[in-house]
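Below, each chain spelled out in residue letters.
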Amino acid sequence: MPEPWLEELAELVSIPSVSADAERADDVARAAEWLAEFVRRAGGEAEVVPTDTQPLIVGELSASDVSGGQSPGPVPTVLVYGHVDVQPPDPLELWDSDPYTLEQRGEWLYGRGVADDKGQLYSLVKAAADLAAAGELPVDVRVVCDAEEESGGHQIVDFLAADERGADAAVIFDGGMTTRGVPEFAIATRGIVYFHLTLRTGTRDLHSGLFGGAAMNAMHALVETLAAVQPRDGRLPEPLREGIAPPTAEERGAWDELVPGVEMLADAGATPVDSKAAEDFYLRTTAEPALDVNGITGGSPILQKTVLPVEAEANLSIRLAPGQDVETIASAVEKLLGEAAPDGAELELKRLASADAGLVPPDAQAVQLGLDAFEKTCGRRPLLVRSGGTLPIVPALVAKGIPTIVTGFALPESNIHSPNERLLAEYVPLGIETARELFRALAALQR
């Protein structure tokens, strides 16, 4: 007889809620309704709120009345966030089982979204539902989730900006741990600014035999321009480093307990950029800004063609370290590129997207209570680390004064965004147990 949680999670995983695929819009809406109905069945209220992109799920489970007829007084409010959309499953031929059929093989549960983020979000809402059913839910739980995280949506950030209700803390299970059995709290996330660059050096492509060596080549000019924002000895130019909030001694100490940088690079099949890259791995990937050229095009990169191109394009992005400001760093990138472009070249730079970095005070009461809760169920205190990725909801919550616990139970081998996505089967009941303990601990929040 399968565990009840296994059947429920299988239902959610079976919905192909790919937000990036317009043909799956009905499935995305179905996943949103599944979550809303789950909250309703637990005795709460929930609705699916249409937006101009994908729906939001907004609901609440009220704290249980354990007052014995006395006036209970106000209790803390905990906001729970997650997303019900998933990445596309392609390429399907690399899956060992149907991506939308939750299947257990050995110690792992396989299925698209089981780790990112359906399985982890389920653990949170299931814990709240279990406590409510037992009459033991000690906090008001606001469920505020979206269905477009995997396609870069902004509705959840807009909702939070306009929200007047707020919360005393927020909990997000949409992360993981670098080492099995060693939980982590991400107290910071990096921001991002994404650019598209177009550089022109003439009106038409030219014959390289007739004009090569005399006329400006747009590809050469582009490479020269991009060099101005590239790192030297692992550090970006100083104008791109303004505002960095350095990691604490506790954070630096936590890096020593993570998988060594040399192994992280080797396991990813990556070539270190310089001799200190492995040693400085966590500093560079979580606490420093990083600029990457994400693609270049121009001329004839495939067919043999003796052309002198007069237009070249590139996409580039800079991850902002915690503490950095989007406008300040974006302007610095634009200035460095503009000054580096050769005389006579026409440079056009467009910002395609941006998101702030987030930094949660590690001494916030919610974080400290969360550490205690995880230690009870996981057997060890979580490490305080930073995430190298960008999670726009974190700075949005911080801007509202809501301390946020960002954590999770995925592992590096969970194949997030890849075929055969998986989550350790034992981590679902552990996640539920931990979330229950977390809600109990957060009841002690000072309001």
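Please refer to the structure placed before this passage.
Residues numbered from 1 in each chain as written. Predicted model: local features only at pLDDT ≥ 70, side-chain atom pairs only at ≥ 80, totals over all residues. Heavy atoms only, no water.

Draft legend 1. Layout of the packing of aromatic side chains. By the definition in use, this model includes eight aromatic pairs. For the ring pair F173 and F409, a centre distance of 5.6 Å and an interplane angle of 65° mean the geometry is edge-to-face. Remark: F409 occurs in the loop between β17 (404-407) and β18 (422-424) and F173 occurs in strand β7 (residues 169-173); sequence separation between them is 236 residues. F409 shares its class with F173; the two are buried. For the ring pair F409 and Y427, a centre distance of 5.7 Å and an interplane angle of 65° mean the geometry is edge-to-face. In this pair, F409 sits in the loop between β17 and β18 while Y427 sits in helix α13 (residues 427-442), placing the two residues 18 residues apart along the sequence. Like Y427, F409 is buried. Three or more aromatic residues joined by ring pairs make a cluster, and in this case those are F173, F185, F374, F409 and Y427. Sitting over the ring of Y110, R105 keeps its end group 3.7 Å from the ring centre. When the ring centre of W108 is taken as reference, the NZ or CZ atom of R422 above it lies at 4.0 Å. (Phe/Tyr/Trp six-rings, centres within 6.5 Å; stacked < 30°, edge-to-face > 60°. Helix = DSSP H or I, 4+ residues; strand = E, 2+ residues; numbered from the N terminus. Buried < 20%, exposed > 50% of the residue type's maximum accessible area, 1.4 Å probe, protein only. Lys NZ or Arg CZ within 6 Å of the ring centre and 35° of its normal.)

Draft legend 2. Local environment of the sheet that holds β18. Spatial strand order, β4-β5-β18: three strands in an open sheet with antiparallel pairing. At either end of the open sheet lies a strand with only one pairing partner, and these are β4 (103-105) and β18. Across this sheet, the average inter-strand angle for adjacent strands is 30°, counted without regard to direction. Strand direction decides the pairing type here: strand β5 (residues 108-110) and β18, joined by three bridges, are antiparallel. Bridge pairing links W108 to L424 in β18. (Pairing = 2+ DSSP bridges. Axes fitted to C-alpha atoms, helices over the stretch in contact; angles between N-to-C directions.)

Take it as geometry only, folks, not as evidence of what the structure does.
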